[in-house]
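What follows is each chain in one-letter form.
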Amino acid sequence: MIRYIVRRLLWMVVLLFLVSAITFLIFYALPSADPAVLRAGRQPNTQLIAHIRHQLGLDRPWYVQYWHYIKRLVLHFDFGYSYQNLISVRRQIFERLPATISLTLGAAVLWIVVGMAVGTISAVYRGRLVDRVAMTGALVGISAPVYLLGLVGLYFFANDTGKIHVFPGSGSYTGLTVNPVKWFTSLLLPWIVLATTQAAIYARLLRANLIDTLSEDYIRTARAKGLSEPRVVIVHGVRSAITPVVTAAGLDVGILLGGAILTETVFNIPGVGHLAYESIKNSDLPMIQGTVLLGAFFIILLNLVVDVLYAFIDPRVRYA
Amino acid sequence: MTGTVDFAREAPGDEGSALIDVMPDVAARSPFQLFWRRLRTDRVALAAAALIVLLVLMAICAPLIVKLVGARPPNQQSDKYFSLGKVGVPSPTGPSSKNLFGVDPLGRDLFSRVVYGARVSLEIALAATALSVAIGLVVGLFAGYFRGWVDTVLSRLVDVLLAFPILLLGIGIASACSLGHGCLGGLIKPGLGVVILVISFVNWTYIARIVRGQVLSLREREFVEAARSLGASHMRIMFREILPNLVAPLIVYATLIIPQNILFEAALSFLGVGVQPPDPSWGKMIADATDVFDTAWWYMVFPGAALLLTVLAFNLLGDGLQDAINPRASRS
């Protein structure tokens, strides 16, 4: 098990190098704007632009730039400085990370609990009215874009622009350490909105798997032993049907931790996704690199976590 | 290899035909017939299919529909359709007999923009789906069929791409290529093509994985061995023998990723890096509606409803197709 994890961690380092190289190449070949011109301000002249270009190292070939980047990253864990405001990329990312983590983890708890509850009830009462209503709702949930739900939520429930003043509106995010109560209330609507679209997927996933599992022989055995129905469904059924749910949760949390771009945009939450989006618009290569690497890091890490979790959920899984 | 043996017809007059006479209704059904029989009874899937046909017709006949309704063309701006709001700020007028869905803040007719939006949305989603299926199919076929180093290289490439935050990557490439003069030294010009390329680039990896898995097991089957012993080339085995077996799962999978691609295009356009103005895109309309949605609800509601309904219809059809092809995992 330990050897397996170490091997995976080494592969993770290789993957991150490849991701950084590809990102570098893509954004070197396809810059959305000349960063030197953007830096030069409102009245750029050729001299100033050339000076800035030299200052940022943009006049050197891409492999020299990449080599310098990797050297600083490996030796000093230094992601370089933003072309836009010359502030350290690492500092800016770490400043933005708490908002994204709060949004993602809060929503994840909500969608996993709701999704699994709905999925289980639907599977047990399959074909009945409860199931039909739940699955119709789930289908609408997976078909609705998160920003549309967010805007509708704000339209009805925001306390500035809404019809019924329930939740704080867009742009009200407050840090956890600043004011825990405001942090909680400001994130409530984003959590609900993000969790709605996700919970729908999880409910469908768990229901399909649980229906398969509940038709297995060992479930009949469990019933024949006289176990109570909740025990049969939850301990014997859900526990075995949960594997794909864990996979999906790992992937989704990994992706969202790297930046919940759409949700952060709609609710104006100063998270990593927002930062990444802004940096792409400004062709701020060091910042793009930093955010893409962070995103890839979370995706690969959560993949590993999921694989390790399998061994605990499913005793048949053994890693060598 | 030509013609399958049909026992009932080959042996007339013996016990076999007597048996057939007793059970006249039993006839072998092809997998497609079985699939069709199951799908035919799925009313929800059929309704979804009908809705999709309507949507496609609406997209194709957009100019005709707009003309029949008497609406203005989608990009025609006008300052005639504004009313003074509470604070004296001019705001666009809502739905009326003249503008069925109201007008947007530039005075454009929202009905014709939503109808033309179907065109943009479906065009991009269908083209991107076709392209990503084509790329994924070829990569998956090669990786699964040749195995060895071909598989190692292709699968590792897929691994690396799957480690990318895809929306971020999509936004990055789309913003580089959609804004300004295009990218790669003007090779790729801004336009719908860019959005199609970005979505396909991000999506083909999933299909490649699925195809690879299927091909790995198909290549060990007897019909492949038979073809090989008859001296068929690798290309022939891959594309004439194995490929036909992949068509059914790929069609189902494609129906399931079309709605994903519709949402992807809408998301890119919502963030301002997808379809560029003045082309009408539902996602972009929702983004523009963000600033005015408390006074002009119709600007968000109609494009939003169109997007939701379209995605819903494809998801319903995809579900139905999947059930019909794989009845064990049926929903009811």
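Everything numeric in this text was worked out from a predicted model, so none of it was measured.

Quick word on the pattern of salt bridges
If the charged atoms of two oppositely charged side chains come close together, the side chains can form a pair.
Next, step 1: Scanning the entire structure with this criterion turns up 12 salt bridges over all chains.
Next, step 2: The residue Asp-131 of chain A makes a salt bridge to Arg-207 of chain A at a minimum N-O spacing of 2.8 Å. Note that Asp-131 of chain A is positioned in helix H6 (residues 129-143) and Arg-207 of chain A in helix H8 (residues 180-214), a separation of 76 residues in sequence.
Next, step 3: Assessed through its relative accessible area of 4%, Asp-131 of chain A is described here as buried.
Next, step 4: In this structure Arg-207 of chain A comes out as buried when scored by relative accessible area, which is 5%.
Next, step 5: Salt bridges here are not isolated pairs; linked through shared partners, they connect Arg-147, Arg-219 and Glu-220 of chain B.

Some thoughts on the domain arrangement of chain A
All names here are of chain A.
Next, step 1: Entries for chain A in the domain assignment read domain 1 (2-76) and domain 2 (93-313).
Next, step 2: On a C-alpha basis, the centres of domain 1 and domain 2 stand 33 Å from each other.
Next, step 3: In total, about 1,600 Å² of surface goes out of reach between domain 1 and domain 2, with carbon and sulfur atoms giving 75% of it.
Next, step 4: When the buried area of domain 1 at its contact with domain 2 is split by residue, Arg-8, Met-12 and Phe-27 rank highest and sum to 31% of it.

Re the packing of aromatic side chains
Next, step 1: Enumeration according to the criterion identifies 15 aromatic pairs over all chains in this entry.
Next, step 2: With a centroid separation of 5.6 Å and an interplanar angle of 80 degrees, the aromatic rings of Trp-183 of chain A and Trp-191 of chain A are classed as edge-to-face.
Next, step 3: Relative accessible area serves as the criterion here: at 8%, Trp-191 of chain A is assigned to the buried category.
Next, step 4: On the numbers, 6.3 Å between centres and 40 degrees between planes, the contact of Trp-297 of chain B with Phe-302 of chain B is tilted.
Next, step 5: A connected cluster of aromatic rings, assembled from ring pairs, spans Phe-101, Phe-111, Trp-297, Trp-298 and Phe-302 of chain B.
Next, step 6: When the ring centre of Tyr-145 of chain B is taken as origin, the NZ or CZ atom of Arg-219 of chain B, which lies over that ring, is 5.6 Å away.

What counts, and at which threshold
Residues numbered from 1 in each chain as written. Chains lettered and ligands numbered in written order. Predicted model: local features only at pLDDT ≥ 70, side-chain atom pairs only at ≥ 80, totals over all residues. Heavy atoms only, no water. Salt bridge = Lys/Arg side-chain N within 4 Å of Asp/Glu carboxyl O. Helix = DSSP H or I, 4+ residues; strand = E, 2+ residues; numbered from the N terminus. Buried < 20%, exposed > 50% of the residue type's maximum accessible area, 1.4 Å probe, protein only. Domains from an automatic or database assignment. Buried area = accessible area lost by both parts, 1.4 Å probe. Phe/Tyr/Trp six-rings, centres within 6.5 Å; stacked < 30°, edge-to-face > 60°. Lys NZ or Arg CZ within 6 Å of the ring centre and 35° of its normal.

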